[in-house]
Amino acid sequence: MVGAFHDRIVRTLAVPFLPFLAVPFALGARRSRQFAGIAVGLVLLAIFNEVLNTGNSLASNGRASNLLAQWLPLAVFAAGSLVLFWRAVYKVKRGNGLPWPPPGLLGRIRFPAGLGLGPRRQRPSE
């Protein structure tokens, strides 16, 4: 019963890390690479599910502790998801997609004068 409780908690805590895993595998310039990334992500989720099932059965039988059999795979999954997300965020080339900030955006926003933000105004030459 304790193993089932830990299993439910671990599976619930894994859900917030799914978007961090999805973004790196969904990014891609071509459809073929995008599909391959999504397929790899699904395989990783299936492996994670099997590891959790095995850990649950080991913990329920008393062959392993809940910490090792269920919480360690969650920690590895969470850390791996965050590392992949971090690499994907800084790997995206800014010149290939939409420019950031969009042209003319800073000219439409009114910033407080003391911040030094906003469009640069040329001073009239004296």
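Everything that follows concerns the structure shown earlier in this document.
Just so you know, these numbers come straight off a predicted model, no measurement behind them. (Residues numbered from 1 in each chain as written. Predicted model: local features only at pLDDT ≥ 70, side-chain atom pairs only at ≥ 80, totals over all residues. Heavy atoms only, no water.)

Scanning the protein chain from terminus to terminus reveals 5 helices and 0 strands. If you list the helices and strands of the protein chain from N to C, you get α-α-α-α-α. A burial count over the protein chain gives 20% of its 126 residues as buried. Long-range pairs, those at least 24 residues apart, make up 66% of the contacts in the protein chain with a sequence separation of at least 6. (Helix = DSSP H or I, 4+ residues; strand = E, 2+ residues; numbered from the N terminus. Buried < 20%, exposed > 50% of the residue type's maximum accessible area, 1.4 Å probe, protein only. Contact = heavy atoms within 4.5 Å.)

Glancing now at helix 1 (residues 2-14). Taking 1.5 Å as the rise per residue, helix 1 with 13 residues should run 18 Å; its terminal C-alpha atoms sit 18 Å apart, in good agreement. Inspection of helix 1 places Gly3, His6, Asp7, Val10 and Ala14 among the buried residues, and these make up the whole buried set. Seen along its axis, helix 1 keeps its buried residues to an arc of 105°; they face one direction. The exposed residues of helix 1 that point more than 90 degrees off its buried face are Phe5, Arg8 and Thr12. (Expected span 1.5 Å × (residues − 1). Arc of directions from axis to C-beta.)

There is a patch of nonpolar side chains on the surface, built from Val15, Leu18, Ile38, Leu42 and Leu45 and spanning about 410 Å² of accessible area. With 3 residues, helix 3 (residues 31-61) is the single largest residue contributor to the nonpolar patch. Examined against the element boundaries, Leu42 turns out to sit in helix 3. You can call Leu42 exposed: its relative accessible area is 54%. (Patch = residues over 30% accessible without salt bridge, like charges linked within 9 Å, V, L, I, M, F, W, Y side chains within 5 Å. Areas by Shrake-Rupley, 256 points an atom, 1.4 Å probe, with all protein chains shown as cover. Salt bridge = Lys/Arg side-chain N within 4 Å of Asp/Glu carboxyl O.)

Glancing now at the pattern of salt bridges. With the rule as written, the count across this model stands at 1 salt bridge. Ionic pairing is found between Arg11 and Asp7, a salt bridge with its closest N-O pair at 3.2 Å. On the criterion of helical spacing, the pair formed by Arg11 and Asp7 is a turn pair, its members being 4 residues apart in helix 1. Among the residues examined, Arg11 registers a relative accessible area of 28% and is labelled partly exposed.

Another point: the side chain of Ser81. Within the fold, Ser81 resides in helix 4 (residues 66-91). From its side chain, Ser81 meets the backbone oxygen of Phe77 in a polar contact 2.8 Å long. (Polar contact = N/O pair within 3.5 Å; in protein donor to acceptor, adjacent residues only side chain to side chain.)

Residue Asp7 is classed as buried on the basis of its relative accessible area of 11%. The sequence separation of Asp7 and Gly55 amounts to 48 residues, and the corresponding C-alpha distance is 8.5 Å. Beyond its immediate chain neighbours, meaning those up to four positions away, Asp7 contacts Leu52, Asn56 and Gln70.

Everything listed here is a matter of geometry and, on its own, says nothing about what the molecule does.
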